[in-house]
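Residue-level listing of the chains:
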Amino acid sequence: MRPSLDTLLSRDPGSPSPQALERALDSARQELSTSPRAANWRMQALGAVGICVGLVLAVAAVLLAAGPSSVGLMLGRAPLLGLLLLTCALCAWSALMPRGRSLRRWSLSLTWVTAAALVLTRATPPEASELPGWVCTASHVAAAVGPLAWMLIALRGTVFAPRRALIAGLAVGTTGACVGELACQQDWRHVAVWHLLAWALVALASVALSSLLKPRSYAP
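A.B. asks: Which parts of the structure should I look at to understand unusual backbone geometry?
C.D. replies: Located in the positive-phi region is Arg 99, a residue other than glycine, with phi close to 55°. In this structure, Arg 99 sits in the loop between helix H5 (78-96) and helix H6 (101-120).

A.B. asks: What exactly am I supposed to notice about the packing of helix H3 (residues 41-66) against H5 here?
C.D. replies: Geometrically, a packed helix pair is captured by the angle between its two axes and the distance between the axes. Their axes nearest at 9 Å, the elements H3 and H5 cross at an angle of 155°. As judged from the angle between their axes, H3 and H5 are roughly antiparallel. Handedness of the H3/H5 crossing: right-handed. Of H5, the residues touching H3 (which contributes Trp 41, Arg 42, Gln 44, Ala 45, Leu 46, Val 49, Cys 52 and Val 53) are Leu 85, Cys 88, Ala 89, Ala 92, Trp 93 and Leu 96. The residue makeup of the contact of H3 with H5, split by class, is 12 nonpolar, one polar and one charged.

A.B. asks: Got a minute to help me understand the packing of aromatic side chains in this structure?
C.D. replies: The final tally for this structure, using the stated rule, is one aromatic pair. Geometrically, the ring pair formed by Trp 41 and Trp 93 is edge-to-face, given 4.8 Å between the ring centres and 65° between the ring planes. Of the two residues, Trp 41 sits in helix H3 while Trp 93 sits in helix H5, which places them 52 residues apart along the sequence.

The rules behind these values
- Residues numbered from 1 in each chain as written.
- Predicted model: local features only at pLDDT ≥ 70, side-chain atom pairs only at ≥ 80, totals over all residues.
- Heavy atoms only, no water.
- Helix = DSSP H or I, 4+ residues; strand = E, 2+ residues; numbered from the N terminus.
- Axes fitted to C-alpha atoms, helices over the stretch in contact; angles between N-to-C directions.
- Parallel < 35°, antiparallel > 145°, perpendicular 65-115°, else oblique.
- Left-handed = near helix turned anticlockwise from the far one by under 90°.
- Contact = heavy atoms within 4.5 Å.
- Nonpolar A, V, L, I, M, F, W, Y, C, P; charged D, E, K, R; others polar.
- Phe/Tyr/Trp six-rings, centres within 6.5 Å; stacked < 30°, edge-to-face > 60°.

Now the structure itself:
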């Protein structure tokens, strides 16, 4: 006669043998070794900043070699370039930081300050440029494509949040803004319209594209 369920449940299962424990541990270790590890958001943020800085340095080197810019001009723009890179770093860090709502508010505030500084500190050039304004917008957006791709991959590690994606776009959009400080000599009206338009387009593209991507994780 087979024992009842109550009888089976009331029995003392006893301690597992050392061999059974070792097999269970080996199985757990093997499973952990094959499972994908969670990406380090700090390294992802630093990677985004590094890509932006690398692109800006490359553009600066090309401009110096080709002749459109000079060391003196770049040194004169150094405070604004430093402010832009600080904005890039803070926005990238806060965009990928888990539960970084307070820091994201500071990032937005710093972005407004930086955008205002770009416009208010731009002097009137001695000669008007013959290039149409959209050339700056297109080049700035193109400069941000690589950093934006990196940031979109990083954003898949969290649940989609419009503000987080917006700030991520603002972070990588500073790449084009830096290029504008290095290569463009037009006046503040041009900066207010065509340079800031490019920055806004990159930020909006980050929100739109991030909303279309399937997250790898739904962490906050």
